[in-house]
Amino acid sequence: MKNVEIIGTGSYVPQRIVTNDELSTIVETSDEWISTRTGISERRISLGENTSDLAAKAALEALKSAKLDAKDIDLIIIATTSPDSYVPSTACIVQELIGATNAVCFDVSAACTGFIFALNTAVQYIKTGEYKNALVVGAEVLSKIMDWKDRNTCVLFGDGSGAMVLRAGEEGIIKTYMASDGVKGREFLHCFAAQNKNPFMYNSLDVKDKITMSGKDVFKFAVKVMASSIEKVLETTQNSIEDIDYIVPHQANIRIIEFVAKKLKIDMNKFFVNLNKYGNTSGASIPLALDEMNKQGLLKKGNKVIFVGFGGGLTWGSVLVKWTI
Ligand code: UT7
């Protein structure tokens, strides 16, 4: 079995910044409420670019940083909750946009945990030797599926993308962990797709094709599984939390991260946070954060980093990685 290294990162966010004050002109809210309850100050909103556009820009940057050509990529996986279309997959659209003519392409749907699931899927394929160079992207234009009249959700999310290039190597990914529970919490976070409406039905339900969320339930779930996922990915690896240099958490709410830090007695400085600038970008949040860390020169060869996420489904998971570049 081979191991898997991360050899490049990239990201892209739309130019348009929407501040909390600006949102307070659309729904009954305030900068004070949003920043104290979530830590978010502003987010980026697409003025027309679709998910594949954001994904392609992050992907090209990641390829550049990995010093690879798009034609070297043999696997593209995109994590998204806000795809361009049902068919084709966003990954197939990105294949064309970046000219990755030799890649197998598909999307993964696991809400805000999507990037962890996509990364873990690519890792398995590379470990078995099936593919050599993979591009994994988290990309979202959540503003398309936001209910802009619902202050419970529209203040939380933002648009963005992040990408990583992976290749077979000697060391890198130490352990991966994924979990799902569609039984207990499926209703906590919802966004319906097209419904069953056809000429042969007498009645059809009119359901909401926008994000709805039970914030408090998601909060409780998040704190629990973020902590357990960090512990889970350390188990049987001879690493303890003291050996970890950084944790890159899903960027949903600063209070969730603070709770987890307190629960596991981890210094807050180990958590990289950029949700103040971008809000919750769902599947994009972890690779977007990692790319910022990389650009800031925070990551040093040999550093041990944990990615940890949670989201609708319910889904959650984590990755322990030794930084090799
Ligand atoms: O990637 C996963 C995505 N989801 C999450 O991570 C969400 C996790 N949950 C959370 O982050 C928090 O539960 C929220 C930030 C969503 C909400 O914070 P909270 O402290 O749980 O507030 P709440 O839902 O209990 O609402 C408190 C009050 C309510 O008013 P009343 O009933 O006390 O009068 C809400 O109606 O705040 C009101 N409220 C708002 N007020 C101003 C809810 N949204 C807003 C708003 N502006 N945007």
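Scroll up to find the structure this text is about.
As the structure is a computational prediction, the values presented were derived from the model and not from experiment.

With mixed pairing, 5 strands are arranged side by side in an open sheet as β1-β7-β6-β4-β5. Only two strands of the sheet have a single neighbouring strand rather than two, namely β1 (3–12) and β5 (104–108). When the angles between neighbouring strand axes are averaged without regard to direction, this sheet yields 20°. Alignment of strand β4 (residues 75–79) against strand β6 (residues 133–140), held across 5 bridges, turns out to be parallel. Considered in β6, the bridge of Ala79 is made with Gly138.

The gaps left among the atoms become clear once a water-sized probe is rolled over them. When its volume is computed, the largest pocket comes out at roughly 840 Å³. Lining the largest pocket we find 29 residues, and of these Thr81, Ser82, Ser109, Ile145 and Cys191 sit closest to its centre. Of all elements in the fold, only β5 and β9 (189–190) reach the threshold of two or more residues within the lining of the largest pocket. Here the lining of the largest pocket is built from residues that sort into 15 nonpolar, 10 polar and 4 charged. For the lining of the largest pocket, the domains that each give at least three residues are domain 1 (3–174) and domain 2 (175–322).

Another aspect to go through is helix α7 (residues 215–234). For α7, with 20 residues, the first-to-last C-alpha span of 29 Å sits near the 28 Å given by 1.5 Å per residue. Taken residue by residue, α7 has Val218, Phe219, Phe221, Ala222, Val223, Val225, Met226, Ala227, Ser229, Ile230, Val233 and Leu234 as its buried positions. Positive backbone phi, approximately 60°, marks Thr236, located one or two places after α7.

Formed by 47 residues in total, the largest nonpolar core has its most connected members in Ile230, Ile247, Ile256, Phe271, Ile306, Phe310 and Trp316. Contributing elements (two or more residues each) for this core: β8 (173–180), α7, α8 (254–263), β12 (304–311) and β13 (315–322). Examining the composition of this core, we find that 11 residues originate from one element, α7, more than from any other. Counting residues domain by domain, this core receives three or more from each of domain 1 (3–174) and domain 2 (175–322).

So, how was this worked out
- Residues numbered from 1 in each chain as written.
- Predicted model: local features only at pLDDT ≥ 70, side-chain atom pairs only at ≥ 80, totals over all residues.
- Heavy atoms only, no water.
- Pairing = 2+ DSSP bridges.
- Helix = DSSP H or I, 4+ residues; strand = E, 2+ residues; numbered from the N terminus.
- Axes fitted to C-alpha atoms, helices over the stretch in contact; angles between N-to-C directions.
- 1 Å grid on protein atoms, 1.4 Å probe; cavity = no way out; pocket = protein on both sides within 12 Å on 5 of 7 lines; lining within 4 Å.
- Points joined across faces, edges and corners; volume = space filled by probe spheres on them.
- Nonpolar A, V, L, I, M, F, W, Y, C, P; charged D, E, K, R; others polar.
- Domains from an automatic or database assignment.
- Expected span 1.5 Å × (residues − 1).
- Buried < 20%, exposed > 50% of the residue type's maximum accessible area, 1.4 Å probe, protein only.
- Core = buried A, V, L, I, M, F, W, Y, C linked by side-chain atoms within 4.5 Å.

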